[in-house]
Amino acid sequence: MYLKSLELSGFKSFAKKTELNFSTPITSIVGPNGSGKSNIAEAFRFVLGEQSIKSMRGKRTEDLIWNGGGDAARANRASVKVVFDNHKRILNVDFDEVSVERVIYRDSSSEYFINGTQVRLKDVIELLAAAHIGSSGHHIISQGEADKILNANGRERRDMLEDALGLKIYQYKREESERKLEKTEENMEKVESLRREIAPHLKFLKKQVEKIEKTIELKEELRKLAKEYFKREDTFIKHNKNAIVEEKKKPEDDLKRLHEELIRAKETLEKSASRDGKSNEIIKLENDLSVLRSEKDTFVRELGRIEGSIGSEERIIRREEENALREGNQNVPLKEVQATATIIEEKIKELENRRDDGSVMAFFTFVRKTFSEFISRHKQSGPVSVRAQSEEEILKLKQERLTLEGKLKDCNEREVVLRKNLFTLQERIEKEKDSSREAERDMFRIMTEENNVRSLLASIKSKEERSMLFEENFKRDLHEVALLLGREMLDFAVFAIISEQGVTLNLQEITLEDRTKQEDRRRLVEKMKIRIEDAGAGGGEEVLKEYRETSERDVFLEKELSDLHLSADSLRSLIKELEEKLDNEFREGVSTINIQFGQFFTLMFGGGFAKLEIIREVKRRKSDTDIEILTEDGSTGDSFEESPVEEGIEIEVGLPRKKIKGLMMLSGGERALTSIALLFAISQVNPPPFVILDETDAALDEANSKKYGDMIESLSKLSQLILITHNRETMSRAGVLYGVTMGSGGVSKLLSIAFDEAVAVAK
Ligand code: ATP
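Criteria and thresholds
- Residues numbered from 1 in each chain as written.
- Predicted model: local features only at pLDDT ≥ 70, side-chain atom pairs only at ≥ 80, totals over all residues.
- Heavy atoms only, no water.
- Pairing = 2+ DSSP bridges.
- Helix = DSSP H or I, 4+ residues; strand = E, 2+ residues; numbered from the N terminus.
- Core = buried A, V, L, I, M, F, W, Y, C linked by side-chain atoms within 4.5 Å.
- Buried < 20%, exposed > 50% of the residue type's maximum accessible area, 1.4 Å probe, protein only.
- Contact = heavy atoms within 4.5 Å.
- Polar contact = N/O pair within 3.5 Å; in protein donor to acceptor, adjacent residues only side chain to side chain.
- Phe/Tyr/Trp six-rings, centres within 6.5 Å; stacked < 30°, edge-to-face > 60°.
- Lys NZ or Arg CZ within 6 Å of the ring centre and 35° of its normal.
- Salt bridge = Lys/Arg side-chain N within 4 Å of Asp/Glu carboxyl O.
- Domains from an automatic or database assignment.
- Axes fitted to C-alpha atoms, helices over the stretch in contact; angles between N-to-C directions.
- Parallel < 35°, antiparallel > 145°, perpendicular 65-115°, else oblique.
- Nonpolar A, V, L, I, M, F, W, Y, C, P; charged D, E, K, R; others polar.
- Near = heavy atom within 4 Å.
- Areas by Shrake-Rupley, 256 points an atom, 1.4 Å probe, with all protein chains shown as cover.

Peer 1: I'm lost on the sheet that holds strand E8 (residues 140–141) in this one. Help?
Peer 2: Remark on secondary structure: sheet strands pair via backbone hydrogen bonds, oriented parallel or antiparallel. The strand order across the open sheet formed by six strands is E8-E12-E13-E3-E14-E15, and the pairing between neighbours is mixed. Single-partner strands in this sheet number two, and they are E8 and strand E15 (748–753). Across five bridges, the pairing between strand E12 (residues 690–694) and strand E13 (residues 720–724) is parallel. Counted as the bridge partner of Asp694 is Ile724 from E13.

Take a look at the structure:
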């Protein structure tokens, strides 16, 4: 026994809490019409998760809740609880007793509980499906639905059979897998669309990253190159500076020395300026000497004249003496002598007006005087007194000569002193002139040297300026490269320059390199710098981060997509597997049911045959809403849109002694018997824990009621039976009988009764 009890509270006419215990294989529920018996069958459907209100004879959820009547106010909730004995673990939970409860409220909300724990409907369905208690209710035959299976179409019959055969679990699994597959495919589409969405961005980022990576590579290259460049440049500049300082030292010292020399030379020259005074002194001395000389010349000339006069007087004396000795004398007319003297006199006067150094003039003075004396002599005396006069004249002249010689001597003495002074002075001036000439030569030399030194210093200065320019460029380059590559660039000094031979170069060796190579290096540094700047180093980190994140996301999505593909594949194969299993078990089940169906049918009808046949139906669609189902060989001649082939169940019956084939031709009773035979056959093959039959026996006559009773008994060995009935025969087969009554308040009441009472109650 699996079904232990059913508890209704506020469900339909069961306003109060009512409990039915099912302790025997067959329980009958009896009572007058409208007392609430069918509400009990519906309470089973309800608690097992039925979602169709219509199948529970309601329009809205509220219709299932006690609506009030008599003293009892309407309820806000309806609940039904069914309790199973689970010692045999027919339900897949590790409890000996399992209760399933459903509660509904007027706001249409439903709650499900398994052993008091709230669960989802899905959990309830899964739990019960595993125990062949399907929500399709194949084991709950409601009133008037005995031939439901006969009225159903092939597909519906197949559903019922699947449920009865316990294949619903596969259906659920398949549907769930299909839902999952659908969801997976949706997710795949979503993931694909996400990937499609990020693809262009990722592509863009990838290009950016490639650029950045190139820039990073370039930076790395530049870092190495720039370190070598800076190290070399720094070494070169320092070396250059030291060299310039060294180079400058000598010319600067020279310049200082030359400056001092120049001062000295200038001083010397300044001293020579006093030479002018001395020159004036010389001029004066020379003038004195010249005056002295002319005085002396005058004295000499005078002396000569006196000597001449003496000689002339002596000659006169001698001539007189000779004349005296000779006979006759040649007389010269005085007039002529006077005329001659006049011409000479005039000539001398003319000459006197002209400049003369004195000597010519002295001579003319002498001529004039001699002539004058001659003429006067010849005027005054005759030839006898000439001698006496001459002698007297000679005496006078000798006296004059003595005076003159004294004066001349004095002149000579003075001249010696003057000459000596002049010589000394001239000597001194010459000496000074020599030293000033030397100073001038020195000045010239110094200035020439100074010029040379200055031009040398100027060339050093231009070197220095060039060196400063190098330094400025170096500092600017360093600053710019450090900005670009980071502060570590400032530590270029520790960079070791390795030669091609693999030897670390020292500072000295570094400076030996051809300068053009360093210039090439500088140009290259500049070029690379521009390339890096053009590449836009800023924001690189962010792009890399974004690319990393985006590509991680893409990889994640790709992985997710491949996982989804895998899970879709496994879902597809699971679905296929389930379908195969379903199909196989269904075919096996149908053939087993067929055996039982045939037996029950012949038992019921005392012969004939009945069987189920699996048919293939082609669903054809005229439009979205019109669906026509035809057998495979059926044809309408219209053009239809074909849908997949579906399998359905056809029932074939043959009544004994009647040429009846086809369900349509059966009488009501025959239909009831046929469907009962089928129901029982199904229940025999895969017995559900319980079967509820609501007045299935209503259409049976007494003979058939007996047969029905027999089948019930045999069926009750496999499944617990709850039979709602008015049939006496059926009642007689039950172990427990419940009577349902309804008072004036419309509340259903339950009472356990004996068979005789039941017969009475049923009436
Ligand atoms: P019969 O033998 O004629 O088939 P029955 O015993 O099966 O009758 P039910 O059909 O189960 O009777 O009960 C119908 C009764 O339940 C009706 O009287 C109806 O008024 C009552 N009922 C149904 N729904 C509700 C509800 N929500 N609240 C109160 N009473 C209800």
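More follows now that the structure is in view.
Peer 1: I keep staring at the nonpolar core and nothing clicks. Help me out?
Peer 2: Where a protein is soluble and globular, its nonpolar side chains tend to be buried together. Ranked by size, the top nonpolar core spans 56 residues in total, and within it Leu161, Ile593, Phe597, Leu612, Ile651, Leu678 and Phe680 carry the most contacts. At 10 residues, helix H12 (residues 540–605) tops the list of elements feeding residues into this core. Among all residues touching Phe597, those that are not within four sequence positions of it are Ala610, Lys611, Leu612, Ile651, Thr674, Ala677, Leu678 and Ala681. Ranked by size, the runner-up nonpolar core spans 47 residues in total, among them Ala75, Val80, Phe84 and Leu128.

Peer 1: How do you make sense of the side chain of Ser142 when you look at a structure like this?
Peer 2: Relative to the helices and strands, Ser142 resides in the loop between E8 and helix H3 (148–151). Its relative accessible area of 11% is what places Ser142 among the buried residues. Side-chain polar atoms of Ser142 contact the side chain of Arg45, separated by 2.8 Å. Look past the residues within four positions of Ser142 in its chain and what remains in contact with it is Arg45 and Asp694.

Peer 1: What am I meant to see in the packing of aromatic side chains here?
Peer 2: In total, this model carries 13 aromatic pairs according to the counting rule given. Taking the centre distance of 5.4 Å and the plane angle of 40° together, the rings of Phe44 and Phe690 count as tilted. Of this pair, Phe44 sits in helix H1 (residues 37–47) while Phe690 sits in strand E12; the two residues are 646 residues apart in sequence, bridging distant segments of the chain. The class for Phe44 is buried, based on a relative accessible area of 0%. Relative to Phe601, the ring of Phe597 lies with its centre 6.3 Å away and its plane at 75°, an arrangement referred to as edge-to-face. Here Phe597 and its partner Phe601 are both found in helix H12, four residues apart, which amounts to about one turn of the helix. Its relative accessible area of 0% is what places Phe597 among the buried residues. The ring of Phe586 has Arg158 sitting right over it, with the charged end atom 4.1 Å from the ring centre. Residue placement shows Arg515 over the ring face of Phe470; its charged tip is 4.7 Å from the ring centre.

Peer 1: Looking at this structure, how should I read the pattern of salt bridges?
Peer 2: Side chains that carry opposite charge are capable of pairing whenever their charged atoms lie near each other. Taken as a whole and judged by the stated rule, the model has 70 salt bridges. Put simply, Glu415 and Arg293 hold a salt bridge, and the shortest N to O gap is 3.4 Å. Taken together, the residues Glu415 in helix H9 (residues 386–485) and Arg293 in helix H6 (residues 275–325) connect sequence positions 122 residues apart. Of the charged contacts, one joins Lys529 and Glu480 as a salt bridge, the two residues approaching to 2.4 Å between their closest N and O atoms. Taken together, the residues span a long stretch of sequence, with Lys529 in helix H11 (residues 515–535) and Glu480 in helix H9 at a distance of 49 residues. On the accessibility criterion, Lys529 (2% relative accessible area) is buried. Sharing partners across several salt bridges, the network here consists of Lys250, Asp254, Arg257, Glu261, Asp442, Arg445 and Glu449.

Peer 1: Just to check I follow, could you spell out the domain arrangement of the chain for this structure?
Peer 2: Each assigned domain of the chain is listed with its residue range as follows: domain 1 (1–133 + 729–763) and domain 2 (195–331 + 381–535). In this structure, domain 1 and domain 2 have C-alpha centres spaced 139 Å apart.

Peer 1: I would appreciate a short explanation of the sheet that holds strand E7 (residues 117–119) in the present structure.
Peer 2: With antiparallel pairing, the six strands of this open sheet are ordered in space as E2-E1-E4-E5-E6-E7. Edge positions in the open sheet fall to strand E2 (18–21) and E7, since each of these has one partner strand only. This sheet shows a mean twist of 20° between the axes of neighbouring strands, independent of strand direction. By the bridge criterion, nine bridges tie strand E4 (residues 77–85) to strand E5 (residues 97–105) in an arrangement that is antiparallel. Along E5, the bridge assignment pairs Val80 with Arg102. Those strands touched by helix H2 (residues 121–129) are E4, E5, strand E6 (110–114) and E7, and its axis lies near 45° from that of E6.

Peer 1: Looking at this model, I keep getting lost on unusual backbone geometry. Mind explaining?
Peer 2: Trans peptide bonds make up the majority, and among non-glycine residues the majority have a negative phi. The phi dihedral of Ser108 falls on the positive side, at around 75°, and the residue is not glycine. The partly exposed category is assigned to Ser108, whose relative accessible area is 45%.

Peer 1: What is the right way to read the packing of helix H4 (residues 154–164) against H12 from this model?
Peer 2: Two numbers describe a pair of packed helices, the interaxial angle and the distance between the axes. Packing of H4 against H12 leaves a shortest axis separation of 10 Å and a crossing angle of 90°. Judged by the angle between their axes, H4 and H12 are roughly perpendicular. Residue-level inspection shows Arg158, Leu161 and Glu162 of H4 in contact with H12, the latter providing Leu582, Asp583, Phe586, Val590 and Ile593. Tallied by class, residues from the contact of H4 with H12 come to five nonpolar, no polar and three charged.

Peer 1: I'm lost on the site of the ligand in this one. Help?
Peer 2: As a matter of local geometry, the ligand sits amid 19 residues, with Asn33, Gly34, Lys37, Ser38 and Arg57 nearest to it. Within the backbone of Gly34, a nitrogen or oxygen atom sits 2.6 Å from an oxygen atom of the ligand. Within the backbone of Asn67, an N or O atom sits 3.2 Å from a nitrogen atom of the ligand. In isolation the ligand offers 650 Å² of accessible surface; the protein chains occlude 76% of this area. Considered class by class, the residues forming the shell around the ligand number four nonpolar, 10 polar and five charged.

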